[in-house]
Amino acid sequence: MPAKKTTAKPLVAEGAAIGEPVPRAVVDKNTASVGIPPQPEFDAEKEIGALRKQLEILTQQVGDASSAVKGSARQVVRQAEGTVKLYPVSSLVTAAAIAATFALVVAGLRASPRHSRYDRAIEDLRELYGSLRGRF
């Protein structure tokens, strides 16, 4: 008697792959239909035209936003220059105060190392063990 040959397909081949047509025996529970619903015709020129219009609109919006930001930045620079010219000492004191505050914040963050929950739990256990050892 000849040996029975069985060919096992890999699991990946059993499912649908991208780009393959959907089998005709598909049942849609929502619409109670069987098979592939009719697909609208795809017009690449219309799609590309719509995408180009969207790209033009986005380009215009980005240009408007960047010009608004540039205008605001120029105005801030002009105001800062005017303030420094009118009040040179107070501007210097303000800049020094801001730099000192920043330096203190950075030093404060570096001074206290952060402890994780694990480190705190170990410290609590050490304290408990030390207090128990002191009782006996």
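Worth saying up front: this structure is predicted, and the values here are computed from it rather than measured. (Residues numbered from 1 in each chain as written. Predicted model: local features only at pLDDT ≥ 70, side-chain atom pairs only at ≥ 80, totals over all residues. Heavy atoms only, no water.)

Caption draft 1: Up close: the overall build of the chain. Of regular secondary structure, the chain possesses four helices and two strands. Overall, the chain shows an N-to-C arrangement of helices and strands of α-β-β-α-α-α. Taking all 136 residues of the chain together, 1% fall into the buried category. Roughly 13,600 Å² of accessible area belongs to the chain as shown, and the carbon and sulfur atoms make up 63% of that amount. (Helix = DSSP H or I, 4+ residues; strand = E, 2+ residues; numbered from the N terminus. Buried < 20%, exposed > 50% of the residue type's maximum accessible area, 1.4 Å probe, protein only. Areas by Shrake-Rupley, 256 points an atom, 1.4 Å probe, with all protein chains shown as cover.)

Caption draft 2: Structural view of the side chain of serine 91. Take serine 91: it is sitting in helix H3 (residues 88-111). Take serine 91: its relative accessible area is 17%, and that puts it in the buried class.

Caption draft 3: Quick peek at a nonpolar patch on the surface. A cluster of nonpolar side chains, Leu125, Leu128 and Leu132, forms an exposed patch at the surface whose accessible area comes to about 280 Å². Locating leucine 125 in the fold gives a position in helix H4 (residues 117-135). (Patch = residues over 30% accessible without salt bridge, like charges linked within 9 Å, V, L, I, M, F, W, Y side chains within 5 Å. Salt bridge = Lys/Arg side-chain N within 4 Å of Asp/Glu carboxyl O.)

Caption draft 4: Geometry of the confidence of the model for the chain. Scored by pLDDT, the chain has a mean of 78; 71% of the residues are at 70 or more. Confidence drops under a pLDDT of 50 for residues 8-13, and excluding neighbours within four residues, the segment shows one contact in the predicted structure. (pLDDT = per-residue confidence, 0-100. Contact = heavy atoms within 4.5 Å.)

Caption draft 5: Structural context of a negative patch on the surface. A cluster of acidic residues, Asp119, Glu123, Asp124 and Glu127, forms a negative patch on the protein surface. Here glutamate 127 is to be found in helix H4. Judged by its relative accessible area of 57%, glutamate 127 falls in the exposed class. (Lys, Arg positive; Asp, Glu negative; His and termini not counted. Charge placed at Lys NZ, Arg CZ, Asp CG, Glu CD.)

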